[in-house]
Amino acid sequence: MAYQWYYKAAVKGNAFAQYSLGVLYSEGNGVNKDYNKAFIWFQKSAENDYVGAYYQLGRAYYNGLGVEKDEEKSFKWHKKAAENNLPDSQYALSLMYKNGDGCEENLVSAYYWVEKAAENDYEDAYYIIGRSYLEGICVDINYKRAFHYLSKGYLALDTNCIESLAEMYLKGLYVKKDIYTAIELYNKAIEFGDKSVYFKLGKVYEDEGLINQSILIYKQGHEEGDLKCTQRLGIIYYNGEGVEKDLEKAMDYMEIAAAKKEPHAMYVLAVAYYSLNKFGDKTGDVAKALLKEAYELGSPYAADYLAYIIINELKDGKNINRNELVTYIKFGVENNLKESIFKYGYIYEKGIGVEQSFEKAYYYYNMVAENKYVKAMNKLGDWYKLGIFLGRNIDLAIKWYEKSAKEDDVEAIEKLIEIYEKGIGGKKSDIKAIYYVFKLIDLDALKGKKKIVYYCFKGIGIEENKDKGYELLKEIEEIDLGTAKYIKAYLGENELIDINKEKIINLYREGIDLGNLECYGQLATYLYNNGLSKNDEYKELFEIAIEGKSLGVNKCRYIFLKNKLKEVQTSSIVTVEELIIIKKLSTLINSGVYEVINDLIEWYDNRKPQDKSIYYELQNQAIYYNILKKQKILQ
């Protein structure tokens, strides 16, 4: 019936009737669907200046409905309709400008027309223009206008708009910060069908310290199939974040997410396998396979961890695939992962898989140090302190260590204590040393108290107070008996408490038995310096102590090399073997074994090799590290 009335009016030139016939044919409503006839009637209607027909012609040309596809003609008709204030064409035109369909790409025009569509209540435009004003995408940030359009989207039940409004209340953008309104809006988005909001809502509760509520929300999201929620539950139970640590639950959640090929969950699961040694001897192969799959699925974290594994394998003396290492690191760098950028600097420093370049190493270290990555800040501090590539500059070393210390990094704080306690680079300051010792106590009670005990007995930065020192030593005994043994022996060795040689040796030996690594190096040094290393009574004990070199104890390596040097000095002629040992000893300076400098000075003084410049450089280093002994001047 409608067709007959429209047809009679259409043949008489009625533009609305012509448009309506086109709609009937395009939708197959009361007539057989026929895009060709629809196009003919839309064209007639457009010739009679019916605006809706402009839109339909633009749509027909764009999709090839009843006419050959022609994006330029589509653009022309949509533009004509948009200029006549038709929101459907305004929205379509914005997409064409954005994608360069039938016109040159023009993002400014795209956002102009999408806002026009939103002003004319085209609902799909609310979120796009609202989010654009919220984030400053092709328009200046304007929280007021963002709130205006997102609020219109809220009334249209657009869950993306509701979610963005929640974000504005959460951060206090244009509106007063209101956590409860944000939570209410997130719940509205969920109610209207947006299941992806569970994770964000859970994070809000978590950030507010409401861990039980957050877990409840994460579990709801998990049941709805949100893998982010599943993964987060796994991490919470794995780390024991606000709940009792439960590795079984953690693994269950991670394995569910990993089974659905969620790359980040696969990465976390692989790391968990490693830390738990889940499959015994097969753990490495299983975890690596999982990491490689996660990497192939796009996880930069998996790539970075694979690089970490390969670097450790190299340090253990294993053969590695250097090209593979570089590929993994580059992928992490491309994804702006701080850890990977640091590793890029490391491989350039060491020349692993790339040509060695301290300049490039510095570039990457500095890049990530400026972004507060503590390993890089400490690295630059080390380079300035030791004079590696950069000129030795204790002030700049301190600057970088202080930046790292502000991030509560224990290693940087220990380095600052060392500088101020020992007076490296002329920076001796008992007050600053004790300041950082107290900061260390807040972060690592055992390390901090170990230092403060020594300061109490020695009177560094505070008045000498042996009673307080013994009180703290008792506290340390309750935390770590091996460390307490080390401290007592060290105090005795430095004549700060009254114990004999035998007691000192026994304390260090007991510390070794309790797993204290420092006791290895200190016992080896004590026995060697007191001429006891070859004594029948202590020879076996010295051999036990010197084994600390295989555990990475540099002082053990120092005593081992020093002992070896004496053995090879059989004549007045300096041998190649002797020079090799000297070179190895020299590398220990950068590992903090500064006493080796005086040994090297003595060697040059007595053996007098041809190159005297090294001798004078060592003299300067001894002054810099504040350990210079009076030596006979080399002629």
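Residues numbered from 1 in each chain as written. Predicted model: local features only at pLDDT ≥ 70, side-chain atom pairs only at ≥ 80, totals over all residues. Heavy atoms only, no water.

Now for the overall build of the chain. Looking only at helices and strands, the chain has 35 helices and 0 strands in total. The C-alpha radius of gyration of the chain comes to 37 Å, more than 25% above the 26 Å expected for a compact globule of 635 residues. With the C-alpha coordinates of the chain rotated into their principal frame, the extents come out at 120 × 55 × 50 Å. Burial status across the chain gives 47% buried among its 635 residues. Put simply, of all contacts in the chain between residues at least 6 apart along the chain, 45% involve residues at least 24 apart. (Helix = DSSP H or I, 4+ residues; strand = E, 2+ residues; numbered from the N terminus. Rg over C-alpha atoms; globule rule 2.2 N^0.38 Å. Buried < 20%, exposed > 50% of the residue type's maximum accessible area, 1.4 Å probe, protein only. Contact = heavy atoms within 4.5 Å.)

Further remarks concern empty space enclosed by the protein. Summed over all chains, the structure comprises 1 cavity of 30 Å³ or more. Every residue along the wall of the largest cavity is listed here: S26, Y35, A38, F39, F42, Q56, R59, A60 and L65. Residue assignment for the lining of the largest cavity shows that the elements contributing at least two residues are α3 (35-47) and α4 (51-63). Here the lining of the largest cavity takes 4 residues from α3, the largest share from any one element. (1 Å grid on protein atoms, 1.4 Å probe; cavity = no way out; pocket = protein on both sides within 12 Å on 5 of 7 lines; lining within 4 Å. Points joined across faces, edges and corners; volume = space filled by probe spheres on them.)

For the rest of this paragraph, the subject is helix α28 (residues 481-493). Taking 1.5 Å per residue as the helical rise, α28 with its 13 residues ought to reach 18 Å, and the 18 Å between its terminal C-alpha atoms agrees with that figure. Buried within α28 are the following residues: G482, T483, A484, Y486, I487, A489, L491 and G492. Next to the buried residues of α28 lie α26 (445-458), α27 (466-479), α29 (501-513) and α30 (517-529). Between a side-chain oxygen at the N-terminus of α28 and the backbone nitrogen of G482 the separation is 3.0 Å; the capping residue is D480. Where α28 ends, the next residue or the one after it, E495, has phi of about 60°, a positive value. (Expected span 1.5 Å × (residues − 1). Polar contact = N/O pair within 3.5 Å; in protein donor to acceptor, adjacent residues only side chain to side chain.)

Looking now at a positive patch on the surface. Taken together, K338, K372, K399, K403 and K406 make up a surface patch of like positive charges. Ranked by the residues each element gives to the positive patch, the list is headed by helix α23 (residues 394-406), at 3 residues. For K406, the position within the fold is in helix α23. Residue class for K406 comes out exposed when judged on its relative accessible area of 69%. (Patch = residues over 30% accessible without salt bridge, like charges linked within 9 Å, V, L, I, M, F, W, Y side chains within 5 Å. Areas by Shrake-Rupley, 256 points an atom, 1.4 Å probe, with all protein chains shown as cover. Salt bridge = Lys/Arg side-chain N within 4 Å of Asp/Glu carboxyl O. Lys, Arg positive; Asp, Glu negative; His and termini not counted. Charge placed at Lys NZ, Arg CZ, Asp CG, Glu CD.)

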